[in-house]
Each structure stands twice: as structure tokens, then as C-alpha cells.
Amino acid sequence: MMTMHRAVSQLSSQCREHIVLRIERFPPFFLTLLLTITMLGFSAPQTSTVPPLSKPTQDYLVYVVCESADKVVLIRFGAGGAHIESQFHIGLMPTDINGPHGVMVSPDKKYFYVSVGHGRPDGSAWKYGAGSDEVIKYTGLGLFPATADITPDGNFIFVANANFYGDMVPSSISVVATDQMIEVKRIPTCTMPHGSRLNHDGTKHYSVCMMDDMLVEIDTQKFAVDRYFMLAAGKEMGMTGAPATHSMADHKPACTPTWAQPSNDGSIVYVACNQSNEIVAIKTDTWTLARRFPAGTGVYNLAMTKDGRLIATNKRGQSVSVFDPVSGRELAKIPTQRRVVHGAVVSPDDRYAFISVEGVGSEPGTVEVIDLSTYKTVATVDVGSQAAGIDFWKMEASKP
């Protein structure tokens, strides 16, 4: 009986009074049964504590370009926070803005490449030694080269000639051989291409056309467009071949896609619709719509973790979203320190997301570091104005 009263004492006061008033009326066998149920089903709740944010045990190095400051900045993040490791000026025009927009690190980590938007008349792509920041070579491209990616073997970069400030006419993707920095092919696509990304195998290249509401797939062996996909809601359609080259001056986009992100296995391509605040998923085997789901305000750039989470920057929403892209469920939304959120890259260990934020007016740009286990911002560092393209260089032992 004393054991029964001890068990009952674990219940709420109201429930305890109700049971104690009646406990003496129960036969012995029922008291034993009740004791068993009570101990199993009404035991004190188990509590779990969330461990505090642990500091990194190694350093993470990330390159970011600052479009309005003409700077390339190397960020070091470790146990002591984030700071600028080095920075330098880029471009040939000493009095005008050169406009570095995209940055990509070679798979062997020996080099990095920067796409520069402005020139006379065209933009360019530059090759540097990683760590030394020594310029090796550059080559001219098309009108306003913007986002870019590099093949898994490091032999080619694919750069979207976005033509942000020109006429609303079809533009192109430039293919550059990285050894000698020679443009080997300029592939016509559609109006205002952006969001240049290769699949994991490097066999397919994906970009979007902001003014045409299109996703375009390039066969990297043929250096030619294989297929394109119309993205506007209710008008989704996959097509073979290259899109017709004609002016879209009177076309009003409904999606305004800004990024194409292949899934880890290449079976899906996720597209950010900046205007309609959606993410569209397209199956690559059947070239059909898989799903579309709501995203943050002005969803802009996308990145993917190795475990399959989708990171999305919300350019007009001053935040970063993390999605389960299979269900379309938003797992977290993390506010950023400044407005106009731009790029995202994930560390190879899936621990951190590094976010570039442009800032507004005289504000500096920032790089913000998000812990992907807690969805908390753990470090920020100011860089030059209009922080844009961002890519991961390497991890190394922490500096003393």
C-alpha cells in the first residue's frame, strides 16, 4: 500500500486526490494491477537537454565577391568567430565598377575563378591561385557574366552571360577551358540566363532564364542545349531541343527564375521562382513537373546539403529558409542581419551554411554563418558592399 501511495504521489494533485479517495475500496489483485499500470504509464516525464552550441574544432575558409566594391574576400571561420583572412581588388577598370558576381573553387582546391560583369564592352572570367590570390589569366566573355560553376574534373567552367543591363534578347552560356582560360563555346539559351549549376556527375548543366520563365539543360559532352522546361504555374511543359531565339520584350514573366539546383543524385532540379515565391521541382528522367511548393519572399539562390536539405536565400525576405524538398516542408527560417540576401554555400561536413548578404545603400555586405544542427546564426563578418557570389574553399586545422 505504501508503494501504491508513492506511485500515486507522482500524479497531478487533482488526479491524486481522486485516486486516494478510492484506493482503499479496491481488492488486492486490482491494487497490484493498478500499481503496474501506474508505474509504466504515469512515471515522471523524461527530460532531454539540448546541448549548447559547440564551437568548431577546425577552421572553415570561404571566398566571397563584393560586386560594388570590386573585392574578392577570403573569410576564415573557427572557434574564435569569423574574420577577413585576406582581400584584394579585381578588374581592369580603375575608375568604374567592374562588378565581380560569381566565384567557384576548383575541385582540387588549387585555384578559384571569378566572373566579372562589367567591361568594355563585355565581362570576363579570371583564374587565381587559391591562397596566394595570384592572378594567373583572364578571358573575355559575353554581356555581364554572372553565376558560374565548374565541372567535377576541373577542366571547364560554365558562365551565364546574364546581360542584366542590355536589351531583352536571348543571351548565352560561355564554356571556358580552365587550363589556358580560353572560351571554347558560347551556347545560346534564352533571355537573362542565371543560376549556373552542374549535376554531380558533370554530365548536365542547368541554368534558368529570368525573363523567359525557363529552365535550360545543356549536355556537357555536346556543348549544346538538350531540353528546356516552361516554369509558369499552370503552363508547365518540358520540351526537347533548344528554345526559339526571339526577343521577349513584351513577355511578362510569372515565375522569374533565378537559380537551378540539381539534387544530389541528379534526379530532380529545383528552381527558385523569385517573383512568385515558389520552388519548382522537375524530374530529370521524364522531364515533367514533380511538385511546386511555397518558399520565402523573393527566394533567390539555392544550395543543398549532402543529407538532402535545401537551403534557400530569401532576397526580399531578409531571411534564409531550410526545406525538406521531398515534402516541401520548411524546417526553419533564419533571419539575417541585413537586407538583400544573396548566395549560399554549405560546408562539406554539412555543419554550416555560409550566406552572403548584399546590404542596402552605404551598408557593407556581410557573410553570415548558420549552424545547420540548430538553425542559429553563430557568426557574422562585414565585407565590401554588395556581397554576391560565395563558394567554399577548404577546412583546415585551427590557427593558434
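Keep in mind the model is a prediction, meaning the values are calculated, not measured.

Each value, and the rule that gives it
- Residues numbered from 1 in each chain as written.
- Predicted model: local features only at pLDDT ≥ 70, side-chain atom pairs only at ≥ 80, totals over all residues.
- Heavy atoms only, no water.
- Pairing = 2+ DSSP bridges.
- Helix = DSSP H or I, 4+ residues; strand = E, 2+ residues; numbered from the N terminus.
- Axes fitted to C-alpha atoms, helices over the stretch in contact; angles between N-to-C directions.
- Disulfide = S-S within 2.5 Å.
- Buried < 20%, exposed > 50% of the residue type's maximum accessible area, 1.4 Å probe, protein only.
- Phe/Tyr/Trp six-rings, centres within 6.5 Å; stacked < 30°, edge-to-face > 60°.

Moving on, we get to the sheet that holds strand E12 (residues 193-198). Taken together, the five strands give an open sheet; going across it, the order is E12-E13-E14-E15-E16, and neighbouring strands pair in antiparallel fashion. The sheet terminates laterally at E12 and strand E16 (237-240), the two strands that pair on one side only. Between one strand and the next, the sheet's axes are offset by a mean angle of 20°, whatever the strand orientation. Pairing of strand E14 (residues 214-219) with strand E15 (residues 224-230) involves six bridges; the strand directions are antiparallel. Paired with Met214 across the strands is Met230, a residue of E15.

The next subject is the state of the cysteines. Evaluation of the coordinates by the stated rule reveals two disulfides. For Cys190, the disulfide goes to Cys209, at an S-S distance of 1.8 Å. Residues Cys190 and Cys209 are joined through a disulfide that is right-handed, its torsion about the S-S bond being 80°. With Cys190 in strand E11 (residues 182-191) and Cys209 in strand E13 (residues 204-209), this pair connects stretches of sequence that are 19 residues apart. Considered together, Cys190 and Cys209 belong to a single accessibility category, that of buried residues. Counting only the cysteines that form disulfides, in the order they appear in the protein chain, gives the pairing 1-2, 3-4.

On inspection of all chains with the given rule, the structure shows 20 aromatic pairs. Judged by centre distance (4.9 Å) and plane angle (50°), the ring pair of Phe88 and Tyr128 falls under tilted. Taken together, the residues span a long stretch of sequence, with Phe88 in strand E3 (residues 81-89) and Tyr128 in strand E6 (residues 124-129) at a distance of 40 residues. Here Phe88 falls in the buried class, since its relative accessible area comes to 16%. Relative accessible area serves as the criterion here: at 3%, Tyr128 is assigned to the buried category. Between Phe354 and Phe392 the ring centres are 6.0 Å apart and the planes differ by 55°, which places this aromatic pair in the tilted class. Taken together, the residues span a long stretch of sequence, with Phe354 in strand E26 (residues 352-357) and Phe392 in strand E29 (residues 387-397) at a distance of 38 residues.

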